[in-house]
Amino acid sequence: MNRILMMQNDSARGNIHCLKETDGSVHIPGSCLDILNGMCLAHGSTVSGRRSACTARTGQRIKVPVLISEMTEEIYFPLLSPESADCIWILYNELAGFHAQSGGCRLVFFNGMPAFIPYDYRMVKKQCRRCGDYLKMLRQERDADECRMPEVLRQIAREKTYETVIFR
């Protein structure tokens, strides 16, 4: 897969500057929110819906991450307001590490690709923590639902009797 590891709107060119897993640095048409919305739509949701869900569950109202898919747990986080022309989006799941560097932060992705961003590493750290906490919350809710499922099925069986339907 050639996922987008990091992206930022490039207003001078009217497109997006992306760092992709195998292609490296490329420019593609559209905006970051357009790209994220397309990814969400491929999994049955929208950026707006994903952000609303995250806000409802975590209370986070600014720099809200976007969960692309519950199944893959792919999640992008912004470093500024998503509406900002300078906002950088980073794929949390592929970020192997980061550290402070003069004038910003050095990122390293799991494929070994480095990147430099002109933002304090504490911003990245805070957003990574938020993403990790959100994914942990979702996993705990999913696991709790799976544990309750047999009891739910037993309850349904006690309450209702069903006739066997034969399809021919």
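Model, not experiment: these values are computed from the prediction. (Residues numbered from 1 in each chain as written. Predicted model: local features only at pLDDT ≥ 70, side-chain atom pairs only at ≥ 80, totals over all residues. Heavy atoms only, no water.)

Student: Where do I start with the pattern of salt bridges in this structure?
Tutor: Oppositely charged side chains are able to pair whenever their charged atoms sit close together. Counted by the stated rule, this structure contains 11 salt bridges. The residue Glu-73 makes a salt bridge to Arg-139 at a minimum N-O spacing of 2.7 Å. Here Arg-139 lies in helix H3 (residues 121-159) and Glu-73 lies in the loop between strand S4 (66-67) and strand S5 (75-78), a separation of 66 residues in the sequence. Judged by relative accessible area, which is 15%, Glu-73 ranks as buried. For Asp-133, the salt bridge identified is with Arg-129, shortest N-O distance 3.7 Å. Taken together, the residues span about one helical turn, with Asp-133 and Arg-129 both in helix H3 at a distance of four residues. The network of salt bridges with shared partners includes Arg-3, Glu-21, Glu-74 and Glu-94. (Salt bridge = Lys/Arg side-chain N within 4 Å of Asp/Glu carboxyl O. Helix = DSSP H or I, 4+ residues; strand = E, 2+ residues; numbered from the N terminus. Buried < 20%, exposed > 50% of the residue type's maximum accessible area, 1.4 Å probe, protein only.)

Student: I'm lost on helix H2 (residues 47-58) in this one. Help?
Tutor: An α-helical segment advances 3.6 residues per turn. Residues three or four places apart therefore align on the same side. Given a rise of 1.5 Å per residue, 12 residues ought to cover 16 Å, and the 16 Å separating the end C-alpha atoms of H2 matches this to within 8%. Looking at H2, one finds that the buried residues are Val-47, Arg-50, Arg-51, Cys-54 and Thr-55. All buried residues of H2 fall inside an arc of 135 degrees around its axis, so they share one side. Across H2 from its buried face, at more than 90 degrees, point the exposed residues Ser-48 and Ala-56. Gly-59 lies just past H2 and shows a positive phi near 85 degrees. (Expected span 1.5 Å × (residues − 1). Arc of directions from axis to C-beta.)

Student: So what exactly am I meant to see when it comes to the sheet that holds strand S8 (residues 104-109) here?
Tutor: Remark on secondary structure: sheet strands pair via backbone hydrogen bonds, oriented parallel or antiparallel. The three strands lie next to each other as S7-S8-S9, forming an open sheet whose pairing is antiparallel. Edge positions in the open sheet fall to strand S7 (95-101) and strand S9 (114-117), since each of these has one partner strand only. Adjacent strand axes in the sheet meet at a mean angle of 20 degrees when their direction is disregarded. (Pairing = 2+ DSSP bridges. Axes fitted to C-alpha atoms, helices over the stretch in contact; angles between N-to-C directions.)

The quantities given are spatial measurements derived from coordinates; they are silent on function.
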